[in-house]
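Here is what each chain is made of, one letter per residue.
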Amino acid sequence: MIKTVKSLDLKGKRIIMRVDFNVPMKDGVVQDDTRIVAAIPTIKYILDQGVKTLTLMSHLGDPSKDAAKAKEKAEKDGKSFDEAAYIRGKHRMAPVAEYLAKKLGKPVVFAGEDGCYGKKSFIDGQPAGTVVMLENTRFHKEETAKDGAERDKLAKELASYGDIFVNDAFGTAHRDHASTASIAKFVPLSAAGFLMEKEVDYLEPIVTNPQKPLAAIIGGAKVSSKIAVLESLLKNSGALVIGGGMAYTFLKAQGHKIGKSLVEDDQLDTARKILDTAASLKVEIVLPVDQVGADKFDAAVVPVPVDGQDLPDNLMGLDVGPKTLAKYKEVISRAKTIVWNGPVGVFEFDSFAKGTEELAKLVAGATAGGAITVVGGGDSVAAVNKFHLAAKMSHVSTGGGASLELLEGKKLPGIEVCRA
């Protein structure tokens with residue numbers, strides 16, 4: 001059980017809150033405000049409690065890594081590169097603060113582009129009820145330092161800005177960083193915001209005690225990135241649907257011909273082990289029984305229907321066919337809980353989007369029928385957004401890596417510090 005802001009007396013307190021405002025930016029303009037909007041209910045609740053100040057902190061991109069890539073490209077092109085100017089231009093929180101102010105209908109005071117240190121006097125000098133936004137936490141190497149003592153330097157400074165730490169950044173809950181977890185050691189009280197609470201309430205029971213039957217749908221490109229989640233979900237699932245590129249590693253492990261499809265030959269034994277475990281636990285494994293193929297990976301290529309599990313040598317599988325979709329419908333119709341992580345085809349290409357779109361419609365239909373439906377993982381979230389079905393799911397997770405690790409049964413540092 002996690003402790004939430006509603007369980008605390010916030011009146012007159014200084015709140016330091018971690019949000020996930022790592023949003024896509026272009027020329028200093030927010031391109032997708034999903035994560036900002038998701039944090040607003042917690043922000044408004046805190047302000048309504050009559051707090052002294054609410055100080056927000058977030059990372060935005062990975063400044064040092066992004067700068068290194070940009071520098072390498074500039075050097076290849078024979079151009080000069082100003083690393084400091086690049087970081088200031090692309091990774092500053094000031095434009096995000098301005099955007100949030102418009103959404104809130106209330107000023108958001110930016111604490112300055114000179115970093116996150118030395119802001120206590122500035123924050124404490126603000127009028128009651130002020131919202132302050134700190135600069136990008138990842139401008140400081142201590143934020144992500146592997147050495148705990150290094151992280152603690154920044155964590156102690158951030159902790160001095162608040163009496164209570166609120167973590168509402170589920171997207172970074174799996175990171176043991178100064179602003180996500182270490183800070184909790186240096187504040188009297190820590191609690192979760194509403195977004196964090198909702199994520200935990202939907203995702204944790206899938207691993208610990210789901211309403212059964214549970215149908216798990218796992219897609220995406222690689223088996224290697226989903227081994228732990230597959231093994232975790234097998235324990236409670238009645239059916240496990242495996243789709244996307246990773247399905248071809250399983251099909252090859254069963255002896256099927258997969259043509260030019262994506263495959264991880266070093267994961268064939270892992271796939272066989274998962275299939276054997278599923279059989280021993282009496283978990284139904286659903287792999288594609290028909291497919292839509294192409295002779296190359298290209299949006300403009302002509303799709304070729306293939307009725308069967310074997311692909312000719314000249315084709316690669318890029319989507320599932322109607323018989324597979326019928327099987328999905330059968331599995332989903334029986335489930336009381338459905339968790340979906342990863343697409344079952346190359347939905348970015350319109351010619352190979354039907355499988356993922358129809359799957360999304362089936363999951364949305366199950367929600368309307370009373371099932372609990374949870375969509376987690378970046379690509380499956382992008383898919384339900386593309387097909388305008390996100391609102392028809394019980395819950396669409398805001399965390400990619402975090403939701404995956406929670407489904408793997410791991411303890412996430414950003415959540416653990418909010419435990420009651």
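These numbers come from a predicted model, not from an experiment.

A. Local environment of the sheet that holds strand S10 (residues 239-242). If you trace the six strands from one edge of the open sheet to the other, you get S11-S10-S9-S15-S16-S17, paired in parallel fashion. Of all strands in the sheet, those with a lone pairing partner are strand S11 (284-286) and strand S17 (395-396), marking the two edges. Relative to strand S15 (residues 337-341), strand S9 (residues 214-218) is paired through five bridges, and the arrangement is parallel. Residue pairing for S15: Ala-216 is matched across the bridge by Val-339. Docked against the sheet, helix H7 (residues 194-208) engages S9, S15, strand S16 (372-375) and S17, running at close to 105° with respect to S16.

B. Quick peek at the sheet that holds strand S8 (residues 189-192). Read across the open sheet, the six strands follow the order S5-S6-S4-S1-S7-S8; overall the sheet is parallel. Among the strands making up the open sheet, the edge pair consists of strand S5 (108-110) and S8. Strand-to-strand twist across the sheet, computed as the mean angle between neighbouring axes with direction ignored, equals 25°. Summarising the sheet, strand S4 (residues 53-57) and strand S6 (residues 130-133) pair through four bridges and their orientation is parallel. Note on S6: the bridge partner recorded for Thr-53 is Thr-130. Most of the contacts of helix H1 (residues 34-48) go to strand S1 (residues 14-18), to which it runs at about 175°, and overall it touches S1, S4, S6 and strand S7 (164-167).

C. Up close: unusual backbone geometry. Geometrically, the link from Lys-212 to Pro-213 is a cis peptide bond, its omega value of 5° lying close to zero. Within the fold, Pro-213 resides in the loop between H7 and S9. A positive phi angle, near 55°, is found at Asp-27, a position not held by glycine. Residue position: Asp-27 is located in the loop between strand S2 (25-26) and strand S3 (29-30). Classification of Asp-27 as exposed rests on a relative accessible area of 73%. Phi is positive for Lys-282, which is not a glycine, with a value near 60°. With respect to the helices, strands and loops of the structure, Lys-282 is situated in the loop between helix H10 (268-280) and S11. Note on Lys-282: relative accessible area 74%, which makes it exposed.

D. Highlighting the packing of H1 against helix H4 (residues 94-104). Here H1 crosses H4 at 60°, and the two axes come no closer than 11 Å. Here H1 is positioned oblique relative to H4, judged by the angle of their axes. Crossing angle aside, the handedness with which H1 passes H4 is right-handed. Residues Ile-36, Val-37, Ile-40, Ile-43 and Lys-44 of H1 lie in contact with H4, whose contacting residues are Val-96, Tyr-99, Leu-100, Lys-103 and Leu-104. The residue makeup of the contact of H1 with H4, split by class, is eight nonpolar, no polar and two charged.

E. Spatial organisation of the pattern of salt bridges. Taken as a whole and judged by the stated rule, the model has 27 salt bridges. Notably, a salt bridge pairs Arg-35 with Asp-20, separated by 3.5 Å at the nearest N-O pair. One end of the pair, Arg-35, is in helix H1; the other, Asp-20, is in the loop between S1 and S2, with 15 residues separating them in the sequence. For Arg-35, a relative accessible area of 26% corresponds to the partly exposed category. Through salt bridges with shared partners, a single network forms among Arg-14, Lys-120, Asp-124 and Asp-163.

F. Structural detail: the layout of surface pockets. For the largest pocket, the calculated volume is near 600 Å³. If you trace the largest pocket, you find 25 residues lining it, with Thr-34, Val-381, Val-396, Ser-397 and Thr-398 closest to the centre. Broken down by secondary-structure element, the contributors of at least two residues to the lining of the largest pocket are H1, H7, helix H13 (378-386) and S17. The class makeup of the residues in the lining of the largest pocket is 11 nonpolar, 11 polar and three charged. Each pocket or cavity is described by its volume, and for the second largest pocket that value is around 360 Å³. Looking at which element gives the most residues to the lining of the second largest pocket, the answer is strand S14 (residues 316-320), with five residues. Classifying every residue of the lining of the second largest pocket gives 12 nonpolar, six polar and three charged.

Thresholds, definitions, all that
- Per-chain numbering applies: the sequence of each chain, read as written, is numbered from 1 onward.
- Given that the model is predicted, a residue must reach a pLDDT of at least 70 before its local features are reported, and side-chain atom pairs must reach 80 or more before they are shown or counted; all residues, however, enter totals for whole chains, interfaces and linings.
- Working from all heavy atoms in the structure, the side-chain values ignore hydrogens and water.
- For two strands to count as paired, DSSP must find a minimum of two bridges between them.
- A run of DSSP states H or I qualifies as a helix once it reaches four residues; a run of E qualifies as a strand once it reaches two. Both are numbered from the N-terminal end.
- Two residues qualify as a contact provided that any one of their heavy atoms is within 4.5 Å of a heavy atom in the partner residue.
- Comment: axis = line fitted to C-alpha atoms, over the contacting stretch for helices; angle = value between 0 and 180 degrees taken between N-to-C directions.
- For the exposure calls, accessible area comes from a 1.4 Å probe over protein chains only, and a residue counts as buried if that area is under 20% of its type's maximum, exposed if over 50%, partly exposed in between.
- For classification purposes, an angle smaller than 35 degrees is called roughly parallel, one larger than 145 roughly antiparallel, one from 65 to 115 roughly perpendicular, and anything else oblique.
- By convention, the crossing between two helices is left-handed when the near helix turns anticlockwise from the far helix through less than a right angle, and right-handed when the turn is clockwise.
- Three categories are distinguished: nonpolar for Ala, Val, Leu, Ile, Met, Phe, Trp, Tyr, Cys and Pro, charged for Asp, Glu, Lys and Arg, and polar for the others, with Gly belonging to the last.
- Within this document, salt bridges are pairs made up of a side-chain nitrogen of Lys or Arg and a carboxyl oxygen of Asp or Glu, the two lying within 4 Å of each other.
- A cavity, in this analysis, means grid points on a 1 Å lattice covering only the protein atoms where a 1.4 Å probe fits yet has no way out; a pocket is instead an open set bounded by protein on both sides within 12 Å along at least five of seven lines, and a residue lines either one if it has an atom within 4 Å of a point.
- Grid points are joined across faces, edges and corners, and a volume is the space filled by probe spheres set on the points.

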